[in-house]
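# Examining the three-dimensional arrangement
Listed below, chain by chain, are the residues.
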Amino acid sequence: MKIIVCVKQVPSRDAILRINETGTWIQDRDLAYDVNEPDAYAVEEALQIKEKLGGEVVICSLGPDRVQMAIKEGLSKGADRAIHICDPALDNLDALAQARAMAEVIGKEGFDLIFTGLQSDDYGFAQTGVILGELLGVPSATIAMAVEVQEGEKSVRVKRELEAGWFQWYKLPLPASITIQSGLNQPRYATLKGIMNAKKKEIRKVTLADLSLSRELLTPKQKIERVSFPVKSKKTEIIDGSAKEAAAKLVTKLKQMRVL
Amino acid sequence: MSGILVFAEQREGKLNRVTYEAVLAGQRLSAQMGLSLSVALLGFGVDTIAQELATKKANTIYLVNNEHLQSYTPDGFSLAMRQVIQELQPKYVLLAHTYLVRDFAPKLAASMGKSLIADCVSYKLEEGNLTLVRQIFQGKINADVSIHDSAPILISFQAGAFRGDDVESGSAEVKALSVKLSAEEIRLQPQELFREAKQSVDLTQSKIIVSVGRGIKSQENIAIVEKLATALEADIGASRPICDSGWLPMDRQIGSSGQTVAPKLYLAVGISGAIQHVVGMKNASAIVAINKDANAPIFDIADLGIVGDLFEIVPALVEEIEKAKAEG
Ligand SMILES: Cc1cc2nc3c(=O)[nH]c(=O)nc-3n(C[C@H](O)[C@H](O)[C@H](O)COP(=O)(O)OP(=O)(O)OC[C@H]3O[C@@H](n4cnc5c(N)ncnc54)[C@H](O)[C@@H]3O)c2cc1C
Ligand SMILES: Nc1ncnc2c1ncn2[C@@H]1O[C@H](COP(=O)(O)O)[C@@H](O)[C@H]1O
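Keep in mind the model is a prediction, meaning the values are calculated, not measured. (Residues numbered from 1 in each chain as written. Chains lettered and ligands numbered in written order. Predicted model: local features only at pLDDT ≥ 70, side-chain atom pairs only at ≥ 80, totals over all residues. Heavy atoms only, no water.)

### A closer look at the interface of chain A and chain B
- Counting from both sides, the interface comprises 87 residues of chain A and, opposite them, 84 residues of chain B.
- Applying the counting criterion to the chain A and chain B interface returns 11 salt bridges.
- Lys107 of chain B is the partner of Glu134 of chain A in a salt bridge, and the nearest nitrogen-oxygen pair spans 2.7 Å.
- Among the residues making up the side of chain A that touches chain B, the classes are represented as 45 nonpolar, 16 polar and 26 charged.
- Pairing geometry for strand E13 (residues 237-238) of chain A and strand E17 (residues 304-307) of chain B, over 2 bridges, is parallel. The partner of Ile238 of chain A across the bridge, within E17 of chain B, is Gly305 of chain B. (Contact = heavy atoms within 4.5 Å. Salt bridge = Lys/Arg side-chain N within 4 Å of Asp/Glu carboxyl O. Nonpolar A, V, L, I, M, F, W, Y, C, P; charged D, E, K, R; others polar. Pairing = 2+ DSSP bridges. Helix = DSSP H or I, 4+ residues; strand = E, 2+ residues; numbered from the N terminus.)

Written out as structure tokens, the structure reads:
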């Protein structure tokens, strides 16, 4: 089994976001970053399959130098090596253009399975894994809550989460692309030994020059022109004061509501 | 046709009601842009759904009847929808951003070299120019997205972006449209549809719910909100990450993939208010949020809010509640 896991680095959820002066993006200078949440589950799922069936887990991440942190996290947990697609011309593309760059690299690399998260926390396209499947000519399944590689490694059974508490199993021939939902396993922590081992693992850098993609294919067809904080549609009454004061005021309100 | 085409979603012979939200978006755009409006319904033996759709204001309902569309597969639906699009040549294709659409629409778009503008919450039309508004950073920020593409332009709208009840009635013509599909083209085999064993905790009947999110930081800290729940005689609920991490059991999860609740009071502690959480609790009579980030989306739907550190506020709140109770 050769599994490519696409790992995206995103601003950490706890980060307080501010909008830049031109109103075109967030101020990203001093932001803290994390691995996109479902991607951490994707890494774990890949590692568990490898431990059972053997093979290789390759992390693939597209982004600036800082994403090496996210790559190293995967390597420390046990991924074998990584591909870092790094070129300023590839930042801030739309899902299609970005996936084209990733698909070319992954296609050359070869794979049995591609795992992505189901959605990125920053752009939230919820598309990359499915587009990769289409561009690489393999079937895809989304929002996986379980992945079972079948006997003979010719197919995979995927338990898809549907709405309102429903699930459905799908069987797909391999190779395939699967988008992973959070919660399908318990991601491990990197051990000290893992962190030491990771230092020796290969991170292959790929730039635009290594790809045979025309400019046209990389031109985004949708562009963010302006960002803003959503206008609140409902009047929220903000209770201020110290913690103690706010708590006391809230209790008065709760009494008025007759919940106390 | 060069108009607007809406994808109607059905599964197992039932129309998904969010389809009407996309139809309403289509009705508004068609009126504003002077474009015709059609709806495409894909399936096998779903004529009655087509009749149902035909009672809405639209030009044509295209009924695509094919045995390979009986069970949903991303292969079958994207191949069929692509043929429909080629046949009708719409300028815009609108879809509701459901789990099913997430599963096939990116594939459909990519197969045509198109970029799906996904999960939009609204649109702006200025001098004939269409801009979409998408949420980024988990709903914390809105982005105005411009389109740099030729027809067909594919757009999906978040559930709740439009009020499906406002869809205009009328009468549309139902037309059959055939597509060519073969068994070999459908690589996935759908298997049984099922629900997990009955949940042991039923939060749908709860009067008060204290719900905890990732702001709580660790499993040990859950005790802090448990104390608050006890003081309020409330049930405890949680956002998905809390259940994913195993800090609380799955049946405490509230949201699109958890329970849908409507208590008298919903107290959200350290929950950001992502749409998938909000759909599960927005019908609470009163929503109170405690969050350190004044811009957290949860404050958009809360009636009362305290901006601050939950580790200071929650214990203070427990103390005040005990005091109030002692006073009677
Ligand atoms: C297909 C799909 C289905 C999903 N289904 C569900 C679902 O059913 N239910 C669900 O909940 N989610 C669901 N999600 C996930 C959802 O998108 C969000 O990721 C999730 O709800 C976020 O949980 P959270 O608010 O606890 O965490 P975060 O978004 O990380 O928010 C934590 C909040 O805590 C605040 N905070 C941090 N520290 C403190 C402090 N000391 N004091 C006060 N506040 C603090 C932060 O400001 C932040 O707002 C789904 C996602 C997808 C894609
Ligand atoms: N720049 C990137 N580098 C690596 N993986 C990515 C990147 N962008 C998206 N992905 C993968 O695609 C998934 C879905 O992202 P998106 O389509 O942006 O919502 C993420 O969870 C990642 O697994």
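That covers the picture; the talk isn't over yet.
### Notes on the site of ligand 2
Residue and element names in this part refer to chain A.
- The full set close to ligand 2 counts 19 residues, and Cys6, Asp39, Ser120, Ala126 and Thr128 are the nearest of them.
- Interatomic distance of 3.0 Å between a side-chain N/O atom of Asn36 and an oxygen atom of ligand 2.
- At a threshold of 2 Å from the grid points, most atoms of ligand 2 map onto the largest cavity.
- Tallying contributions element by element places strand E4 (residues 56-62) first for the shell around ligand 2, with 3 residues. (Near = heavy atom within 4 Å. Polar contact = N/O pair within 3.5 Å; in protein donor to acceptor, adjacent residues only side chain to side chain. 1 Å grid on protein atoms, 1.4 Å probe; cavity = no way out; pocket = protein on both sides within 12 Å on 5 of 7 lines; lining within 4 Å. Sits in = over half its atoms within 2 Å of the grid points.)

### Thoughts on the pattern of salt bridges
- According to the stated counting rule, one finds 36 salt bridges over all chains in the structure shown.
- Between Lys292 of chain B and Asp14 of chain A there is a salt bridge, and its shortest N-O distance comes to 3.5 Å. With Lys292 of chain B in the loop between strand E16 (286-291) and helix H8 (298-301) and Asp14 of chain A in the loop between strand E2 (9-11) and strand E3 (33-35), this residue pair bridges two chains.
- Owing to a relative accessible area of 46%, Lys292 of chain B belongs among the partly exposed residues under this scheme.
- Ionic pairing is found between Glu73 of chain A and Lys77 of chain A, a salt bridge with its closest N-O pair at 3.7 Å. Within this pair, Glu73 of chain A and its partner Lys77 of chain A are both found in helix H2 (residues 68-77), separated by 4 residues, close to a single helical turn.
- The network of salt bridges with shared partners includes Lys2, Glu56, Arg81, Glu109 and Arg204 of chain A. (Buried < 20%, exposed > 50% of the residue type's maximum accessible area, 1.4 Å probe, protein only.)

### A look at the domain arrangement of chain B
All names here are of chain B.
- Each domain of chain B was delimited in the assignment, giving domain 1 (4-185) and domain 2 (203-327).
- At the interface, 5 residues of domain 1 touch 5 residues of domain 2.
- Roughly 500 Å² of surface becomes buried between domain 1 and domain 2 when both sides are summed, with 51% attributable to carbon and sulfur atoms.
- Area buried by domain 1 at its contact with domain 2 is led by Tyr99, Gln138 and Lys140, which between them contribute 62% of it. (Domains from an automatic or database assignment. Buried area = accessible area lost by both parts, 1.4 Å probe.)

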